[in-house]
Amino acid sequence: MHKPNRLTGIDLCRGLAAFAVILVHSGDETWGIPISESAIQFRYLFYFSVPFFLAVSFYFATKKLPVKISLNFWHKKFKRIVIPYLLWSFFYVISKSILFLVSNNSEKVFQLLADPIAIIFLGGASYHLYFIPLLVSGTVCLCFANYLSRQRFSILFLSLLSVFSIIIYQLSLIYKNDFNLAEYTAFPSLLQLIPVNSFLYSIWRIFLVNIAWFLRCLPYFMIAMLVNQLLQKKNSQWIYRKPTTTLLFFIFLLVNILGNNLLPRAVSEIAIAYSLLLFGISVSQQIKDNTLITNLGLCSFGIYLIHPLIKSVIEIFLIKILPQLTQNVSIISMLTYSISSFLVSWLFIYLLRKNNKLSQYV
């Protein structure tokens, strides 16, 4: 049994996570229409997407430590993360403004443009774009990861650091100092000490949000380093065995279903993310060299980025073709929205990727 060259299972899980994001956004209480209790409980099963994306991003970021953090390193990150973020933010501001004006909701245009700080720095152009600046904040953890890798600390020490970072993240959740997506703020008790009309308010707002993002990313980085050390050992072939694959998928399902009720949120979130990551690594032995799954993995982040627009277009068609689905939120309506939006988004990104210049930003 050999380690597969490409982790096709990770590509499969990336696609699953992209679909999960779309399903979560395919019906909630903010839609202003009746929502069934079964739909709410069903939606809760798909909140693993962002934690998984963090886990897989930092798993690969820490795979070959130490990394040379130079001007060239940040230049590459700027081209791969910051420029796409700015372009997608501009795209969503323009497209939303056009949709609001066409639908005679000009007041929503003013609401959208009322918080330029959130749009530029915090992903405020669309509810899902915050993930990109979150990744940028998490990349700062690489400096700490580099230091730890050079010291060659033991697995036990990394495990203790992982536990400590999880506790810090959990405390930020308990005291509600984590990132508030509705207001694009963090550490509200500290932020309220500064006058809203002060220039320093914007600076501190950005700083505190990035601190909250750093605290969220830190345990993912620590555990990613730990996982990489464990899998680099000579006897690590156990990860590719079928019983391991089955066990990891069972753990993912169990924690995903029961974790929120039995475990602290930070522990549940990270357990779900890394059980799915390890499942993706493990199952790669069984599904290697699958072109369709590989393509899904390559398109997954583009699907994540484009899906709000595609979902809005799908909704227009569903109102005309199946109006009964748009009158309340149910499991059937969520699946209809999400499956159709997912497939159309995948096709759209697949076609965009054929253009080499566009593929850098999708």
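Asks: A description of the overall build of the protein should follow, citing residues and the corresponding values.
Replies: Secondary structure summary: the protein contains 16 helices and 0 strands in total. The globule rule puts the C-alpha radius of gyration for 362 residues at 21 Å, and the 21 Å found for the protein is close to it. Seen through its C-alpha atoms, the protein measures out along the principal axes to roughly 65 × 50 × 45 Å. Taken over 362 residues, the protein has a buried fraction of 48%. Once local pairs closer than 6 in sequence are excluded, the contacts in the protein between residues at least 24 apart make up 79%. Total accessible area on the protein is roughly 19,000 Å²; 68% of this is exposed by carbon and sulfur atoms.

Asks: Can you tell me about helix 8 (residues 141-151), naming the residues and giving the values?
Replies: All of the buried residues along helix 8 are C141, L142, A145, N146, L148 and S149. Across the axial projection of helix 8, the buried residues extend over an arc of 170°, all falling on one side. For helix 8, the elements touching its buried residues are helix 3 (49-61), helix 4 (71-102), helix 7 (131-139), helix 9 (155-174) and helix 11 (199-231). Immediately downstream of helix 8, the backbone of R152 shows phi near 55°, a positive value.

Asks: Before we move on, could you go through the environment of L292 and cite the residues and values that matter?
Replies: The residue L292 is located in helix 14 (residues 291-321) in this model. Separated by 280 residues in sequence, L292 and L12 place their C-alpha atoms 9.4 Å apart.

Asks: Summarise the packing of aromatic side chains; cite the residues concerned and give the values.
Replies: Per the stated rule, a full pass over the model turns up 27 aromatic pairs. When the ring of W204 is compared with that of F207, the centres are 5.4 Å apart and the planes differ by 90°; the resulting orientation is edge-to-face. Here F207 and W204 lie together in helix 11, a separation of 3 residues that amounts to about one turn. Under the relative-accessibility criterion, W204 is labelled partly exposed at 39%. The partly exposed category is assigned to F207, whose relative accessible area is 44%. Through successive ring pairs, a cluster of aromatic residues spans F19, F42, F46, F48, F249, F252, F279, F342 and W346.

Asks: Account for the environment of S36, naming residues and giving values.
Replies: Checked against the element boundaries, S36 lands in the loop between helix 1 (8-24) and helix 2 (37-44). Considering only alpha carbons, one finds S36 and A114, 78 residues apart in sequence, at a separation of 34 Å. Leave out the neighbours within four places in its chain, and S36 touches V329 and S330. There is a polar contact of 3.1 Å between the side chain of S36 and the side chain of S38.

Asks: Any chance you could break down the confidence of the model for the protein for me, citing the residues and the numbers?
Replies: Mean pLDDT for the protein: 91, with 98% of residues reaching 70 or above. Confidence, read as mean pLDDT per element, is least for helix 16 (residues 356-359) in the protein (78) and greatest for helix 13 (residues 265-283) (97).

Asks: Residues and numbers for the nonpolar core, please.
Replies: Among the nonpolar cores identified, the biggest contains 105 residues, and L54, Y274, L277, I281 and I303 are the most heavily contacted of them. If you tally residues by element for this core, the top one is helix 11, at 17 residues. Those residues in contact with I281 that lie beyond four places of it in its chain are L7, I10, Y59, L231, I239 and Y240.

Asks: Just give me the short version of unusual backbone geometry, but keep the residues and values in it.
Replies: Cis geometry is adopted by the peptide bond preceding P66, which originates at L65 and carries an omega value of 0°. Mapped onto the secondary structure, P66 falls in the loop between helix 3 and helix 4. Not every positive phi belongs to a glycine, and Y184 is a case in point at roughly 55°. Turning to its location among the elements, Y184 is positioned in the loop between helix 9 and helix 10 (188-191). In this structure Y184 comes out as buried when scored by relative accessible area, which is 11%.

Asks: Break down a nonpolar patch on the surface for me, with residues and values.
Replies: On the surface, a nonpolar cluster with roughly 950 Å² of combined accessible area is contributed by L247, F249, F250, I251, L253, L254, I257, L258, L262, L263 and V267. Take V267: it is sitting in helix 13.

Asks: So what about the packing of helix 12 (residues 242-262) against helix 13? Which residues, and what values?
Replies: As a packed pair, helix 12 and helix 13 sit with axes 8 Å apart at the nearest point and diverge in direction by 160°. Looking at the two axes, helix 12 sits roughly antiparallel to helix 13. The handedness of the crossing between helix 12 and helix 13 comes out as left-handed. Counting all contacts with helix 12, which are made through T244, T245, L248, F249, I251, F252, V255, N256, G259 and N260, the residues of helix 13 involved are S268, A271, I272, S275, L276, L278, F279, S282 and V283. Classifying every residue of the contact of helix 12 with helix 13 by side-chain character gives 11 nonpolar, 8 polar and no charged.

Asks: Give me the lowdown on the environment of F342, citing residues and values where you can.
Replies: Along the chain, F342 turns up in helix 15 (residues 331-352). For F342, a relative accessible area of 10% gives the class buried. Separated by 323 residues in sequence, F342 and F19 have C-alpha atoms that sit 6.1 Å apart. When sequence neighbours within four positions are dropped, the list of residues in contact with F342 reads G15, A18, F19, I22, L296 and I303.

Rules used throughout
- Residues numbered from 1 in each chain as written.
- Predicted model: local features only at pLDDT ≥ 70, side-chain atom pairs only at ≥ 80, totals over all residues.
- Heavy atoms only, no water.
- Helix = DSSP H or I, 4+ residues; strand = E, 2+ residues; numbered from the N terminus.
- Rg over C-alpha atoms; globule rule 2.2 N^0.38 Å.
- Buried < 20%, exposed > 50% of the residue type's maximum accessible area, 1.4 Å probe, protein only.
- Contact = heavy atoms within 4.5 Å.
- Areas by Shrake-Rupley, 256 points an atom, 1.4 Å probe, with all protein chains shown as cover.
- Arc of directions from axis to C-beta.
- Phe/Tyr/Trp six-rings, centres within 6.5 Å; stacked < 30°, edge-to-face > 60°.
- Polar contact = N/O pair within 3.5 Å; in protein donor to acceptor, adjacent residues only side chain to side chain.
- pLDDT = per-residue confidence, 0-100.
- Core = buried A, V, L, I, M, F, W, Y, C linked by side-chain atoms within 4.5 Å.
- Patch = residues over 30% accessible without salt bridge, like charges linked within 9 Å, V, L, I, M, F, W, Y side chains within 5 Å.
- Salt bridge = Lys/Arg side-chain N within 4 Å of Asp/Glu carboxyl O.
- Axes fitted to C-alpha atoms, helices over the stretch in contact; angles between N-to-C directions.
- Parallel < 35°, antiparallel > 145°, perpendicular 65-115°, else oblique.
- Left-handed = near helix turned anticlockwise from the far one by under 90°.
- Nonpolar A, V, L, I, M, F, W, Y, C, P; charged D, E, K, R; others polar.

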